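Remarks on the overall topology
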Amino acid sequence: DGGITQSPKYLFRKEGQNVTLSCEQNLNHDAMYWYRQDPGQGLRLIYYSQIVNDFQKGDIAEGYSVSREKKESFPLTVTSAQKNPTAFYLCASDYNTGELFFGEGSRLTVL
Amino acid sequence: EDKVVQSPLSLVVHEGDTVTLNCSYEVTNFRSLLWYKQEKKAPTFLFMLTSSGIEKKSGRLSSILDKKELFSILNITATQTGDSAVYLCAVDSNTGNQFYFGTGTSLTVIP
């Protein structure tokens, strides 16, 4: 079945550690997105990519990095520079139809 | 500044009630407005609206868009406990392939 797979679903990290969240899609979608969701704040865009080897910062890119070496994959690294990384992270993709398809999310907790 | 505002932030109703969720927006280069339902993890797609005044229906859910007044409503009739979720409104902008999300409305349906 086609879809978006995020891993891990739950992740704990000590302060000062970098962590990478995986996002893989087999929908053949060109565009991929990373959102952060905090209680009461809706979804905020971290990074997005419209084609391979190209990506743009969203509204809250500081402390995060991404790569897009393959069409299917758009990993997000949460670096130690991100001051408040505990959140729910959602990856999404879109075939330029206007409808986003979401993964199941990754919940990151910093201890 | 582009923004999407949803109201109310939260709502508690009894089974069988009818609810109306609101979404207003100020987004340049509007392309479409989307409604999603988020229960635990991944938001699931409900509706995409591009034209004013045309109601979209799916069972007990319906939605309509007013592009002149820049808002949309999502109606749920004869609510059931399974309708309990966060309902997200998003606007698709042609600018940089951006989706702008509201904070969501948390709906709780009690038996």
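To start, this report covers the structure provided alongside it.

The rules behind each value
- Residues numbered from 1 in each chain as written.
- Chains lettered and ligands numbered in written order.
- Predicted model: local features only at pLDDT ≥ 70, side-chain atom pairs only at ≥ 80, totals over all residues.
- Heavy atoms only, no water.
- Contact = heavy atoms within 4.5 Å.
- Buried area = accessible area lost by both parts, 1.4 Å probe.
- Salt bridge = Lys/Arg side-chain N within 4 Å of Asp/Glu carboxyl O.
- Polar contact = N/O pair within 3.5 Å; in protein donor to acceptor, adjacent residues only side chain to side chain.
- Helix = DSSP H or I, 4+ residues; strand = E, 2+ residues; numbered from the N terminus.
- Nonpolar A, V, L, I, M, F, W, Y, C, P; charged D, E, K, R; others polar.
- Buried < 20%, exposed > 50% of the residue type's maximum accessible area, 1.4 Å probe, protein only.
- Pairing = 2+ DSSP bridges.
- Phe/Tyr/Trp six-rings, centres within 6.5 Å; stacked < 30°, edge-to-face > 60°.
- Lys NZ or Arg CZ within 6 Å of the ring centre and 35° of its normal.

Moving on: the interface of chain A and chain B. Taken together, the contacts link 25 residues of chain A with 19 residues of chain B. Together, the buried faces of chain A and chain B total about 1800 Å²; carbon and sulfur atoms form 53% of this surface. There are zero salt bridges connecting chain A and chain B. There are two residue pairs in polar contact (both at pLDDT 80 or more) connecting chain A and chain B. Secondary structure elements with two or more residues in the side of chain A that touches chain B: strand S4 (31-37), strand S5 (43-51) and strand S9 (87-94) of chain A. The residue inventory of the side of chain A that touches chain B, partitioned by class, reads eleven nonpolar, nine polar and five charged.

Turning our attention to the pairing of strand S1 (residues 4-7) of chain A. Residues and elements named next belong to chain A. Of the two faces of S1, the one holding Ile4 and Gln6 is buried and the one holding Thr5 and Ser7 is not buried anywhere. Where S1 and strand S3 (residues 19-25) come together, four bridges link them in antiparallel fashion. Note on S3: the bridge partner recorded for glutamine 6 is cysteine 23.

A few words on the pattern of salt bridges. Tallied over the entire structure, the rule returns six salt bridges over all chains. With a shortest N-O distance of 3.3 Å, aspartate 30 of chain A and lysine 71 of chain A are connected by a salt bridge. With a gap of 41 residues between them, aspartate 30 of chain A in the loop between S3 and S4 and lysine 71 of chain A in the loop between strand S7 (64-66) and strand S8 (76-78) connect regions that are remote in the sequence. By relative accessible area, lysine 71 of chain A is classed as partly exposed at 24%. Between aspartate 92 of chain B and arginine 31 of chain B there is a salt bridge whose closest N-O contact spans 2.7 Å. Placement of aspartate 92 of chain B in strand S9 (residues 85-93) and of arginine 31 of chain B in strand S4 (residues 30-38) is noted, with a sequence separation of 61 residues between them. Residues joined in a network through salt bridges with shared partners are Arg36, Asp38 and Arg44 of chain A.

Every regular strand shows the same layout, with side chains that alternate between the two sheet faces. Residue and element names in this part refer to chain B. In the sheet, strand S6 (residues 56-58) pairs with strand S7 (residues 61-66) via three bridges, with the strands oriented antiparallel. Across the sheet, residue serine 58 finds its bridge partner in S7, namely leucine 61. Counted between consecutive antiparallel strands, the loop separating S6 from S7 contains two residues, among which glycine 59 sits at a positive phi close to 65°. Here S7 runs beside strand S8 (residues 71-76); their pairing, made up of six bridges, is antiparallel. In the sheet register, serine 63 faces S8, and the bridge partner there is leucine 74.

Applying the stated criterion to the full structure yields twelve aromatic pairs over all chains. Both rings, one in tyrosine 33 of chain A and one in phenylalanine 99 of chain B, keep their centres 5.5 Å apart while their planes meet at 85°; by these two values the pair is edge-to-face. Here tyrosine 33 of chain A, found in strand S4, pairs with phenylalanine 99 of chain B, found in strand S10 (residues 98-101), and the two come from separate chains. In this structure, tyrosine 33 of chain A and phenylalanine 99 of chain B share a single accessibility class: buried. Between phenylalanine 102 of chain A and phenylalanine 101 of chain B the ring centres are 6.3 Å apart and the planes differ by 70°, which places this aromatic pair in the edge-to-face class. In this pair, phenylalanine 102 of chain A is assigned in strand S10 (residues 101-102) and phenylalanine 101 of chain B in strand S10, connecting two distinct chains. The pair formed by phenylalanine 102 of chain A and phenylalanine 101 of chain B is uniform in burial state, with each residue classed as buried. When the ring centre of phenylalanine 74 of chain A is taken as origin, the NZ or CZ atom of arginine 68 of chain A, which lies over that ring, is 6.0 Å away.

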